[in-house]
Amino acid sequence: MPYAYRIDRLPEYLFADMERQIAEKTAAGRDVINLGIGDPDLPPPVSFTESLQRHAADPDAHFYSSSRGDFEVRKMIAHFFKGRFGVELDPATEICVVLGGKEGLSSLARVYINPGEWVAVPSPAYPVYAQGATMLCDGNIKTLPLLQENGFLPDLTLAEGACMLFVNYPNNPTGAIATEYFWEQLGDFADTHPETIVVHDHAYAEMTFGDYVAPSFLQYTRNTIEVHSLSKVFNATGFRIGFAVGRADIISGLVKAKSQIDSGAPLMIQRAMADGLQGYRGAEPPPEVQEIRKIYGERRAYTEHALREFDLDVTESPATFYVWAKAGEDEMPFVNHCLERDVVVTPGSGFGSEGKGYIRLALTQPLSRIKEAVTRIG
Ligand SMILES: Cc1ncc(COP(=O)(O)O)c(C=O)c1O
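Residues numbered from 1 in each chain as written. Predicted model: local features only at pLDDT ≥ 70, side-chain atom pairs only at ≥ 80, totals over all residues. Heavy atoms only, no water.

**Some words on the overall build of the protein chain**
Part 1 of the argument: Counting its regular elements, the protein chain contains twelve helices and 13 strands.
Part 2 of the argument: Rg of the C-alpha trace for the protein chain: 20 Å, near the compact-globule value of 21 Å for 378 residues, within the 12% margin.
Part 3 of the argument: Considering the protein chain as a whole, with its 378 residues, one finds that 57% of them fall into the buried category.
Part 4 of the argument: A fraction of 73% describes how many contacts in the protein chain between residues 6 or more apart in sequence connect residues 24 or more apart. (Helix = DSSP H or I, 4+ residues; strand = E, 2+ residues; numbered from the N terminus. Rg over C-alpha atoms; globule rule 2.2 N^0.38 Å. Buried < 20%, exposed > 50% of the residue type's maximum accessible area, 1.4 Å probe, protein only. Contact = heavy atoms within 4.5 Å.)

**Some words on the layout of surface pockets**
Part 1 of the argument: In this structure, the second largest pocket spans a volume of roughly 210 Å³.
Part 2 of the argument: Surrounding the second largest pocket, 16 residues form its lining, Val-121, Ala-130, Gln-131, Phe-351 and Gly-352 being those nearest its centre.
Part 3 of the argument: Among the secondary structure elements, those contributing two or more residues to the lining of the second largest pocket are strand E3 (118-123), helix H6 (129-134) and strand E4 (140-145).
Part 4 of the argument: Built from parts of two domains, the lining of the second largest pocket gets at least three residues from each of domain 1 (5-43 + 287-377) and domain 2 (46-278). (1 Å grid on protein atoms, 1.4 Å probe; cavity = no way out; pocket = protein on both sides within 12 Å on 5 of 7 lines; lining within 4 Å. Points joined across faces, edges and corners; volume = space filled by probe spheres on them. Domains from an automatic or database assignment.)

**Focus: the packing of aromatic side chains**
Part 1 of the argument: Taken as a whole and judged by the stated rule, the model has 21 aromatic pairs.
Part 2 of the argument: Centre to centre, the rings of Tyr-204 and Phe-321 are 6.1 Å apart; their planes meet at 70°, and the pair counts as edge-to-face. Of the two residues, Tyr-204 is situated in the loop between strand E6 (197-202) and strand E7 (225-229) and Phe-321 in the loop between strand E9 (313-314) and strand E10 (322-326); the sequence distance between them amounts to 117 residues. Comparing Tyr-204 with Phe-321 shows no difference in burial state: the two are buried.
Part 3 of the argument: Positioned over the ring face of Tyr-358 is Lys-326, at 5.0 Å from the centre of the ring. (Phe/Tyr/Trp six-rings, centres within 6.5 Å; stacked < 30°, edge-to-face > 60°. Lys NZ or Arg CZ within 6 Å of the ring centre and 35° of its normal.)

**Points about unusual backbone geometry**
Part 1 of the argument: A cis amide bond, omega 0°, links Tyr-169 with the succeeding residue Pro-170.
Part 2 of the argument: Mapped onto the secondary structure, Pro-170 falls in the loop between strand E5 (164-167) and helix H7 (180-192).
Part 3 of the argument: A cis amide bond links Asn-172 with the next residue in sequence, Pro-173, at an omega value of 10°.
Part 4 of the argument: When you line up the elements, Pro-173 lands in the loop between E5 and H7.
Part 5 of the argument: The phi dihedral of Asp-138 is positive, around 60°, even though this residue is not glycine.
Part 6 of the argument: Along the chain, the position of Asp-138 falls in the loop between H6 and E4.
Part 7 of the argument: Given a relative accessible area of 12%, Asp-138 falls into the buried group.

**Considerations on the site of the ligand**
Part 1 of the argument: Around the ligand, the structure places 14 residues, and the nearest of them are Gly-101, Asp-201, Tyr-204, Ser-229 and Ser-231.
Part 2 of the argument: Between the ligand and Lys-102 there is a distance of 2.9 Å, counted from an oxygen atom to a backbone nitrogen or oxygen.
Part 3 of the argument: Taken by itself the ligand offers 400 Å² of open surface, and the protein chains cover 92% of this.
Part 4 of the argument: Looking at the shell around the ligand residue by residue, the class counts come to four nonpolar, six polar and four charged. (Near = heavy atom within 4 Å. Polar contact = N/O pair within 3.5 Å; in protein donor to acceptor, adjacent residues only side chain to side chain. Areas by Shrake-Rupley, 256 points an atom, 1.4 Å probe, with all protein chains shown as cover. Nonpolar A, V, L, I, M, F, W, Y, C, P; charged D, E, K, R; others polar.)

**Considering the sheet that holds E3**
Part 1 of the argument: Pairing within the open sheet is mixed, and its seven strands lie in the order E2-E8-E7-E6-E5-E3-E4. Of all the strands in the sheet, just strand E2 (95-98) and E4 have a single pairing partner and so form its edges. Averaged over all neighbouring strand pairs, the angle between strand axes comes to 20°, with direction disregarded.
Part 2 of the argument: Pairing of E3 with E5, which is carried by two bridges, proceeds in the parallel orientation. Within the sheet, the bridge partner assigned to Val-119 lies in E5 and is Met-164. (Pairing = 2+ DSSP bridges. Axes fitted to C-alpha atoms, helices over the stretch in contact; angles between N-to-C directions.)

**Quick word on the domain arrangement of the protein chain**
One frequently used descriptor of interface size is the decrease in accessible area upon assembly of the parts.
Part 1 of the argument: Partitioning the protein chain into structural domains gives domain 1 (5-43 + 287-377) and domain 2 (46-278).
Part 2 of the argument: Each of domain 1 and domain 2 has a C-alpha centre, and the two are 24 Å apart.
Part 3 of the argument: The interface is formed by 38 residues belonging to domain 1 together with 37 residues belonging to domain 2.
Part 4 of the argument: Roughly 3300 Å² is buried in total at the junction of domain 1 and domain 2, and carbon and sulfur atoms are behind 58% of that figure.
Part 5 of the argument: Here Arg-9 ties to Asp-138 by a salt bridge, and the two come within 3.9 Å at their closest N and O atoms.
Part 6 of the argument: Applying the counting rule to domain 1 against domain 2 returns 21 residue pairs in polar contact (both at pLDDT 80 or more).
Part 7 of the argument: Elements with a minimum of two residues in the side of domain 1 that touches domain 2: helix H1 (5-8), helix H10 (287-309), E10 and strand E13 (358-362).
Part 8 of the argument: Examining the composition of the side of domain 1 that touches domain 2, we find that seven residues originate from one element, H10, more than from any other. (Buried area = accessible area lost by both parts, 1.4 Å probe. Salt bridge = Lys/Arg side-chain N within 4 Å of Asp/Glu carboxyl O.)

**Remarks on the nonpolar core**
Part 1 of the argument: With 30 residues, the main nonpolar core has Leu-165, Val-167, Tyr-169, Phe-182, Leu-186 and Val-198 as its most contacted residues.
Part 2 of the argument: Elements represented by at least two residues in this core include exactly helix H2 (14-27), E5 and H7.
Part 3 of the argument: Broken down by element, the residue count for this core peaks at five residues, all from H7.
Part 4 of the argument: Looking at which domains feed residues into this core, each of domain 1 (5-43 + 287-377) and domain 2 (46-278) supplies at least three. (Core = buried A, V, L, I, M, F, W, Y, C linked by side-chain atoms within 4.5 Å.)

**What to know about the packing of helix H4 (residues 71-85) against helix H9 (residues 267-278)**
Part 1 of the argument: Two numbers describe how H4 lies on H9: the axes approach to 9 Å, and their chain directions differ by 25°. Taken together, H4 and H9 sit at an angle that is classed as roughly parallel. The hand of the H4/H9 crossing is left-handed. Of the residues in H9, those in contact with Val-73, Met-76, Ile-77 and Phe-80 of H4 are Gln-270, Arg-271, Met-273, Ala-274, Leu-277 and Gln-278.
Part 2 of the argument: Of the residues belonging to the contact of H4 with H9, the class tally is seven nonpolar, two polar and one charged. (Parallel < 35°, antiparallel > 145°, perpendicular 65-115°, else oblique. Left-handed = near helix turned anticlockwise from the far one by under 90°.)

Structure follows, in structure tokens:
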């Protein structure tokens, strides 16, 4: 039986092929160092898993939640948002809990993308904007190149006429952060283009190092929706939890779409998220999160330095656990060189045509393993 055409035309998910290659090598007894996938090796904070266990015993934990999320949890998200970003949110209308950013982004796409409409998608980018969001909704992709000479920021004039525009800073895969000027420009764009829903994917909001603190796009405009995730900085990818915040009518649309697809994230996971966010003191993360950031920051500093020693053009950044580097006109010889030495790095072209010539290293291995990988590559 053939698949429906929108599934049929989807390319294989980027990491599916990599997982297969790793499985083959591991089965053959090779010691593979996987720097391919942004799935944290560190465990979640102990307080997070303890909170999860505690809430599993809540008398109402087994009930359906709601697609918008538990009201008490949304109140805690509003409290966190005020302290962290200085932005007031109405928990009744401006917040929706999501089952991870990926679910939030792809559900949101269903709300606004009609078949044949244009969606502005950066390249390189997290593949879900082009595939799980645009292609699964039968939209057409309008590419916004993220070029190194422009700091990996898009030219917004190319987004004219799109029904949706995806942006993501701190950025996967490039690690780039947005300038104040860019946020202001993007805010103006959102305010003057009511036909375009600007979606800010803030999956790496909390994964920053040194003095850099990532702002929320809601500090620049309220004409948007921003998707947050606990996956990365709480090392909680498998728990599937995050939240979307923004304009009430966009949130309502998201809830409407979700209510036909899911019945809300499990209450115990929502409550563990709320407890985790409660640990923030204003913009200051709880000590366990600070410790996690310190570890990723050290890995990043080491890797940036080590790759520069190989004469690679490395993108320096105070954010994300991804190191992005230029590895020639075509990155595949470098990627294959690494693979032959049982080190997996992601080819930049997997994130879109403008990623060609780059490699991405996900620093989701202990520093000792990253050092071993660098030695093997060297
Ligand atoms: C840019 C970006 N957005 C969203 C996600 C989705 O994260 P999750 O669905 O685990 O919240 C990821 C995960 O890799 C990502 O890199």
